[in-house]
Amino acid sequence: MNSLIPTEKIWLNGAFIRWEEATIHVLSHVVSYASSVFEGIRCYETAGGPAIFRVDRHMRRLIDSARIYRMEMPWTAEQLSDAARELVAVNGMRSCYIRPIVLRGYGPLGVYSGENPVEVFMACWEWGAYLGEDGLARGIDACVSSWNRMAPNTLPVLAKSSANYMNSQLIRMEAIANGYHEGIALDASGNVSEGSGENVFVVREGRILTPPLGSSVLEGITRDTVIRLAADLGIAVQETPIAREMLYIADEVFLAGTAAEITPVRSVDRIPVGSGARGPITEGLQREFSAIARGLRPDRHGWLTLTEVCEHAL
Ligand SMILES: Cc1ncc(COP(=O)(O)O)c(C=O)c1O
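In this report, we go over the structure that sits alongside the text. Throughout, residues of each chain are indexed from 1 in the direction in which the sequence is written. The model is predicted, so local features are restricted to residues of pLDDT at least 70 and side-chain atom pairs to those at 80 or more, both for listing and for counting; the totals for chains, interfaces and linings are taken over all residues. To get the side-chain values, all heavy atoms of the structure are used, and hydrogens and water are removed first.

### Considering the overall build of the protein
Point 1. Each helix corresponds to a stretch of at least 4 residues labelled H or I by DSSP, and each strand to a stretch of at least 2 residues labelled E; elements are numbered beginning at the N terminus. Helices and strands together make up the secondary structure of the protein, namely 8 helices and 17 strands.
Point 2. Here the radius of gyration uses the C-alpha set of atoms, whereas the globule reference equals 2.2 Å times the residue count to the power 0.38. Compactness check: the protein gives a C-alpha radius of gyration of 19 Å against a globular reference of 20 Å for 314 residues, within 12% of the reference.
Point 3. Overall, the protein is about 50 × 50 × 30 Å in size when its C-alpha atoms are taken along their principal axes.
Point 4. Whether two residues touch is decided by their heavy atoms; if any such pair falls within 4.5 Å, the residues are in contact. Counted over contacts in the protein with a minimum sequence separation of 6, partners at least 24 positions apart contribute 70%.
Point 5. Each accessible area value is a Shrake-Rupley result obtained with a 1.4 Å probe; residue values ignore everything except the protein chains displayed when judging cover. Surface accessibility of the protein: about 14,300 Å² in total, with carbon and sulfur atoms responsible for 52%.

### A few points about the site of the ligand
Point 1. Proximity criterion: a residue is near a molecule or strand once any of its heavy atoms comes within 4 Å of it. Close contacts around the ligand come from 17 residues, with Lys 160, Tyr 165, Glu 194, Thr 222 and Thr 258 the closest.
Point 2. Throughout this description, a polar contact denotes any pair of N or O atoms lying within 3.5 Å of each other; where both atoms belong to protein, one of them has to be capable of donating a hydrogen while the other can accept it, and for residues adjacent in sequence the pair is counted only when both atoms sit in side chains. In this structure, an oxygen atom belonging to the ligand sits 2.8 Å away from a side-chain N or O atom of Arg 61.
Point 3. Glu 194 places a polar side-chain atom, nitrogen or oxygen, 2.7 Å from a nitrogen atom of the ligand.
Point 4. Considered on its own, the ligand offers 380 Å² of accessible surface; in the complex 96% of this is hidden by protein.
Point 5. At the level of secondary structure, the elements contributing two or more residues to the shell around the ligand comprise β10 (192–195), α6 (221–232) and β14 (252–257).
Point 6. Following the grouping adopted for this structure description, the nonpolar residues are Ala, Val, Leu, Ile, Met, Phe, Trp, Tyr, Cys and Pro, the charged ones are Asp, Glu, Lys and Arg, and the polar ones are all others, Gly among them. The class makeup of the residues in the shell around the ligand is 4 nonpolar, 8 polar and 5 charged.

### What to know about helix α5 (residues 164–177)
Point 1. Helix span is expected to be 1.5 Å times the residue number reduced by one. Compared with an ideal rise of 1.5 Å per residue, which puts 14 residues at 20 Å, α5 spans 20 Å between its outermost C-alpha atoms and is within 8% of the ideal.
Point 2. When a residue's accessible area, from a 1.4 Å probe over protein chains only, is under 20% of the maximum for its type it is buried; when over 50% it is exposed; and in between it is partly exposed. Among the residues making up α5, those that are buried are Asn 164, Asn 167, Ser 168, Ile 171, Arg 172 and Ala 175. Burial along α5 is one-sided: seen end-on, the buried residues are contained in an arc of 125°. Of the exposed residues in α5, those oriented more than 90 degrees away from the buried face are Met 166, Met 173 and Ala 177.
Point 3. Looking at the residues trailing α5, positive phi occurs at Gly 179, about 85°. The arc under discussion is defined with respect to the helix axis, by the directions toward the C-beta atoms.

### Some details on the packing of aromatic side chains
Point 1. In this analysis, rings of Phe, Tyr and Trp, with Trp reduced to its six-membered ring, are considered paired at centre separations within 6.5 Å, and the interplanar angle assigns stacked below 30 degrees, edge-to-face beyond 60, and tilted for intermediate values. Applying the stated criterion to the full structure yields 11 aromatic pairs.
Point 2. When the centroid spacing of 5.1 Å and the interplanar angle of 65° are considered together, the rings of Trp 11 and Trp 75 count as edge-to-face. Taken as a pair, Trp 11 in strand β1 (residues 9–12) and Trp 75 in the loop between α2 (55–68) and α3 (77–90) lie far apart in primary sequence, 64 residues in all.
Point 3. Its relative accessible area of 22% is what places Trp 75 among the partly exposed residues.
Point 4. Taken together, a centroid distance of 6.4 Å and an interplanar angle of 85° make the contact between Tyr 44 and Phe 289 edge-to-face. Of the two residues, Tyr 44 sits in strand β4 (residues 41–46) while Phe 289 sits in helix α8 (residues 280–293), which places them 245 residues apart along the sequence. Comparing Tyr 44 with Phe 289, the two get one shared label, buried.
Point 5. What links up through ring pairs into an aromatic cluster is the set Tyr 44, Phe 53, Phe 289 and Trp 303.
Point 6. The ring of Tyr 180 carries the charged tip of Arg 270 above its face, separated from the ring centre by 4.3 Å. Distance and angle both matter: a charge sits over a ring if NZ of Lys or CZ of Arg is within 6 Å of the ring centre and within 35 degrees of the ring normal.

### A look at the nonpolar core
Point 1. Membership of the largest hydrophobic core comes to 23 residues, with the highest contact counts inside it found for Ile 52, Met 59, Leu 80, Ile 98 and Met 122.
Point 2. For this core, the secondary structure elements donating two or more residues are β4, α2, α3, β6 (96–104) and β7 (118–125).
Point 3. With 5 residues, α3 is the largest single contributor of residues to this core.
Point 4. In contact with Ile 52, other than residues within four places in its own chain, are Ile 41, Arg 42, Cys 43, Ala 84, Arg 85, Val 88, Ile 98, Trp 303, Leu 304, Thr 305 and Thr 307. Residues enter a nonpolar core if they are buried and are Ala, Val, Leu, Ile, Met, Phe, Trp, Tyr or Cys, with the set joined through side-chain atoms within 4.5 Å.

### Points about a nonpolar patch on the surface
Point 1. Candidates for patches are residues over 30% relative accessible area with no salt bridge; among them, like charges are joined within 9 Å and nonpolar side chains (Val, Leu, Ile, Met, Phe, Trp, Tyr) within 5 Å. When a carboxyl oxygen of Asp or Glu is within 4 Å of a side-chain nitrogen of Lys or Arg, the pair counts as a salt bridge. Residues Ile 24, Val 26, Leu 27, Val 31, Tyr 33, Tyr 106, Leu 109 and Val 111 make up a contiguous nonpolar surface patch of about 740 Å² in total accessible area.
Point 2. Structurally, Val 26 is set in the loop between β2 (15–18) and α1 (29–33).
Point 3. For Val 26, a relative accessible area of 56% gives the class exposed.

### Details of the pattern of salt bridges
Point 1. Counted by the stated rule, this structure contains 23 salt bridges.
Point 2. A salt bridge links Glu 21 to Arg 18; its shortest N-O distance comes to 3.6 Å.
Point 3. Given the relative accessible area of 42%, Glu 21 is considered partly exposed.
Point 4. For Arg 18, a relative accessible area of 43% translates into the label partly exposed.
Point 5. Between Asp 134 and Arg 138 there is a salt bridge, and its shortest N-O distance comes to 3.3 Å. Note that Asp 134 and Arg 138 are positioned in helix α4 (residues 133–138) at a spacing of 4 residues, about one turn of the helix.
Point 6. A relative accessible area of 44% means that Asp 134 is categorised as partly exposed.
Point 7. By relative accessible area, Arg 138 is classed as partly exposed at 48%.
Point 8. Because the salt bridges share partners, they merge into one network encompassing Arg 54, Arg 57, Glu 219, Asp 224 and Arg 228.

Spelled out as structure tokens, the structure:
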């Protein structure tokens, strides 16, 4: 599995501290009440140095998540993007995963959190393929979860909040306990929603379908990347409610997320997807995504932010 190997520095409220110092009190508001929002961002090794993938968009979503939860955010997306670049540089990373976390800290311990300080941490570490290298090439086995994603008006799914990941944990723990790699959850009305940490795409007769934002999905940045890359390749993507059984009759199914990147699904509920192997559209999108992220194709969408330019910050 993905073990956590410490790096040297973590960014906290505008300054770098040592990895070991990045601790919080057990009675911090977030520990009891899950009052935090966060991001997961990848930085890829390229010939021009480490390049952070779509950092502006991630920082915008972080700020949006904080706003939904009325958390006062003292940093702009631009300042946070600069901090991410410095973080990669001070830790001497060539590629890594970056995790900004905005949390409600130590203070009064009732549910109301208005008086607890908002702390912003940002860490990075090395992280390989989330669903395994083998999964990227051969596909993973998924199940439809017995847990639904959150119904509207319960927990906001457009916020990437740690509370939402209690639901994700239920989905993933159940999937693993039953011998699958990942679970795909339905929304409250029974349509396909998303994986525990990925958006879902279905290919049928040359068209790509994905659930709309109204199906209780996170507005994934890789989801958006896939939609744009598919357009570049001349393949239409339709955002539409997807019936569960479409997963069983699709030609291809794949998952998309920062951690999982683009991962083919080779079976759902033990029913092979198409031929039971990675399909050509999934493979084409993986190839395009990987080449752009690693700087092997021109960055035509302006998705990469090189980190080396901030070496003066060391
Ligand atoms: C529940 C969920 N859906 C979708 C995604 C994909 O989002 P992104 O591509 O922005 O990483 C993630 C990953 O963050 C997730 O946790």
